[in-house]
Every structure is written in structure tokens, then in C-alpha cells.
Amino acid sequence: MAVRDSWIEKREAAAAAANGNDNGTHASKGRNVSQMHLARQGVITEEMEYIAKREKLEPELIRSEVARGRMIIPANVNHRNLEPMAIGIASKCKINANIGNSSTSSNIDEELKKLHHAVHYGADTVMDLSTGGDIPVIRKAIIDASPVPVGTVPVYEAISRVRRPEDLTIGLMLEVIEEQAEQGVDYMTIHAGVLREHVPLVRKRITGIVSRGGSLMAHWMEHHKKQNFLYENIEDICKIFKKHDVSFSFGDGLRPGCIADASDEAQFAELKVLGELTKRSSRS
């Protein structure tokens, strides 16, 4: 039995009973199983108690910090063998390690070896940034073997399913996000802060847009002369995240690539939007 099996099953049974569903499950439409939702209801979950022991903090402090949005617990309900951890002001500093397959090298065994080394040497989370090969199969193997939260950048998989960046659609993105959430991805980087009006601001930069996700969205907007579809459909992404308890990692698509470009108008314009998106997703 995985670490979280009994915890999640108990909560699902309680939710089903509250909704009058006798078969032990409840309708997924509109459901919210997130740690933030439970924290705001005053519930101290088993994950929060587990984290409190790891962090040497009071469980109520963990609950209150999650409820107010100053701490997150990346813990997809489908990632059952996860050993819960927290990221926030009140907790210890955390370290992420990036792994992932490319279209020219590596395989599942190599990625699992990278995961083992990352966790062994102290990584608190890992990101599967695979861009080639059988991405879903590789990701599933990583999630099944990982005791730490696993993150992804969904646009990396979405771009592998189309011929050109301009062929990306919100439908495809939501499909990829849902599939990854169902597999157990704990947090996802969403490049929703790069807006169409920001693109002209980077033209005087030395290194331009250095974020892969940011450059893909900028290319899409310039080609279609339309607004960022991730920004316009953030509520639909929130619905998927709530249903599986996936945490947002809003991508800094306009981060600077050199000192000369640092703290410029483009960077701060995106940061303002990311603040807005944080508030919108927290309310959803």
C-alpha cells in the first residue's frame, strides 16, 4: 500500500457520503480535492500533519499558511506513493532538480537513474522536462518511482504533437494538462503571464526571450495576432487542477537572459500579470 492510499480513500469516501453518493465515489465535475480547499475549510489533512513533523512546525501553522496561499503542498491525489512536502515562507528552503528525455538521447532507465540520483542527493522536487520519445510513458515511470513531487511544462508535450508552434490550441493544451493530471503530476509550469502587449517590449533586449515556453507563446501570439490562450482560459485550467490537486508554477516567460536585460519593462509587466493570475487561481 502506498503512503497516501488510506488518507485519500478516507477523504473520498467522506466526500461521497456528503454528496449522497452510495458507491464510494463522487462526481468529478466541479469537485475540489486540493489541500488549499481543505485548509480553508479548517481541515488539517494527514499530509499537513506529515509535513508538520518533517518541518518541526505545528500542524495548525501548516494549515493556516496553505489556506492563505503562502504555502503549497504539491500532492496530486493520483501520486499515491508521494512523501508530502511543502514550499513556503514558513518552511525550509527547497531544491528542485530537472530531468527529462530528449528526442535524440536517453530512455526510461536513464531517466529513472537520474531520478534516483536527484532524490539521493537531496532534491525536494523533480521536473520531467522531456521533449522527445514516448513522453507519457516516461513521465508515468518517473511518477510511479518518485517519492518527491513531480512537475512538468505541459507545452513541451503539446508542441511535440503539432507540426508548428502556431498549430497549438487551447483544446490541445487542456487535453495534455488533463492527461498529465490524471497520471499524477503534482505541479505544472503554465506560461500564462506573457501577453500579446508584452512582446514588443523585448525587441530592444540583447538576449530576447530565453524561456522556451515564453518564446513559444510569443510566436503563437505574433502569428495569430491574438491574446495568450492560456491567460484567457486560466479558469478552465483551474478546474482541472482542483479536480486532481495540481499546483500552479506560473512560468516566468520573460525572465532576463543577461544582466543588461534584467529588471526591464518586459520583466515587470509579466510579473504584474503573474500576481493577478495568482489571485485569480487562488479564488477559483
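Residues numbered from 1 in each chain as written. Predicted model: local features only at pLDDT ≥ 70, side-chain atom pairs only at ≥ 80, totals over all residues. Heavy atoms only, no water.

J.: Hey, could you go over helix H1 (residues 5-18) for me, with residue numbers and the actual values?
T.: Every α-helix winds through 3.6 residues per turn, so residues three or four apart in the chain are directed the same way. Over its 14 residues, H1 runs 20 Å from end to end, which matches the ideal 20 Å to within 8%, given 1.5 Å per residue. Where H1 is concerned, the buried positions are Asp5, Trp7, Ile8, Arg11 and Ala16. Buried-residue contacts for H1 involve helix H2 (35-40) and helix H3 (46-55). Positioned one or two residues after H1, glycine 20 has a phi angle of 70°, which is positive. (Helix = DSSP H or I, 4+ residues; strand = E, 2+ residues; numbered from the N terminus. Expected span 1.5 Å × (residues − 1). Buried < 20%, exposed > 50% of the residue type's maximum accessible area, 1.4 Å probe, protein only. Contact = heavy atoms within 4.5 Å.)

J.: Let's hear about the packing of H1 against H3: which residues, and what values?
T.: For the pair H1 and H3, interaxial distance at closest approach is 10 Å and the crossing angle is 145°. Together, Trp7, Ile8, Lys10 and Arg11 of H1 and Glu46, Glu47 and Tyr50 of H3 make up the contact between the two elements. Among the residues making up the contact of H1 with H3, the classes are represented as 3 nonpolar, no polar and 4 charged. (Axes fitted to C-alpha atoms, helices over the stretch in contact; angles between N-to-C directions. Nonpolar A, V, L, I, M, F, W, Y, C, P; charged D, E, K, R; others polar.)

J.: Go over the sheet that holds strand S6 (residues 187-190), please, and point to the residues and values.
T.: To summarise the sheet geometry, strands pair through backbone hydrogen bonds and adopt either a parallel or an antiparallel arrangement. The parallel open sheet is built from 5 strands, whose spatial order is S3-S4-S5-S6-S7. Edge strands, defined here as strands with exactly one partner in the open sheet, are strand S3 (96-99) and strand S7 (247-250). For this sheet the average axis-to-axis angle between neighbouring strands, irrespective of direction, equals 30°. Looking at chain direction, S3 and strand S4 (residues 125-128) are connected through 4 bridges and run parallel. (Pairing = 2+ DSSP bridges.)

J.: Just give me the short version of the pattern of salt bridges, but keep the residues and values in it.
T.: Opposite charge on two side chains permits pairing when their charged atoms draw close. Tallied over the entire structure, the rule returns 26 salt bridges. Notably, a salt bridge pairs glutamate 175 with arginine 161, separated by 3.0 Å at the nearest N-O pair. Of this pair, glutamate 175 sits in helix H8 (residues 170-183) while arginine 161 sits in the loop between helix H7 (154-160) and H8; the two residues are 14 residues apart in sequence, bridging distant segments of the chain. Given a relative accessible area of 34%, arginine 161 falls into the partly exposed group. (Salt bridge = Lys/Arg side-chain N within 4 Å of Asp/Glu carboxyl O.)

J.: Lay out the packing of aromatic side chains in plain terms, naming residues and giving numbers.
T.: Using the criterion set out here, one finds 4 aromatic pairs in the structure. Ring geometry for tryptophan 220 and phenylalanine 229: centres 4.8 Å apart, planes at 85°, overall edge-to-face. Exposure remark for tryptophan 220: the relative accessible area of 8% places this residue in the buried category. Taken together, a centroid distance of 4.4 Å and an interplanar angle of 45° make the contact between phenylalanine 241 and phenylalanine 248 tilted. By relative accessible area, phenylalanine 248 is classed as partly exposed at 21%. A connected cluster of aromatic rings, assembled from ring pairs, spans Phe241, Phe248 and Phe250. One residue, arginine 212, lies across the ring of tyrosine 156, its end atom 4.8 Å from the ring centre. The ring of tyrosine 231 has arginine 280 sitting right over it, with the charged end atom 5.2 Å from the ring centre. (Phe/Tyr/Trp six-rings, centres within 6.5 Å; stacked < 30°, edge-to-face > 60°. Lys NZ or Arg CZ within 6 Å of the ring centre and 35° of its normal.)

J.: Describe the environment of valine 162, and please don't skip the residues or the numbers.
T.: If you trace the backbone, valine 162 turns up in the loop between H7 and H8. It is 9.4 Å that separates the C-alpha atoms of valine 162 and leucine 172, two residues lying 10 residues apart in sequence. If near-sequence neighbours (up to four positions away) are discounted, valine 162 is found in contact with Asp167, Leu168 and Leu172.

J.: Lay out the environment of isoleucine 237 with the relevant residues and their values.
T.: The residue isoleucine 237 is located in helix H11 (residues 234-244) in this model. Distance from isoleucine 237 to valine 153, taken between C-alpha atoms, is 13 Å for residues 84 residues apart in sequence. Those residues in contact with isoleucine 237, other than ones at most four positions away along the chain, are Leu174, Ile177, Ile190, Leu230 and Phe248.

J.: Describe the nonpolar core, listing the residues and the values that go with them.
T.: Counting residues in each nonpolar core, the largest one holds 55 residues, and the members touching the most others are Leu168, Ile177, Met188, Ile190, Leu230, Ile237 and Leu277. Sort the elements by how many residues they give to this core and H8 lands first, with 6 residues. Among all residues touching leucine 168, those that are not within four sequence positions of it are Val155, Ala158, Ile159, Val162, Trp220 and Phe229. (Core = buried A, V, L, I, M, F, W, Y, C linked by side-chain atoms within 4.5 Å.)

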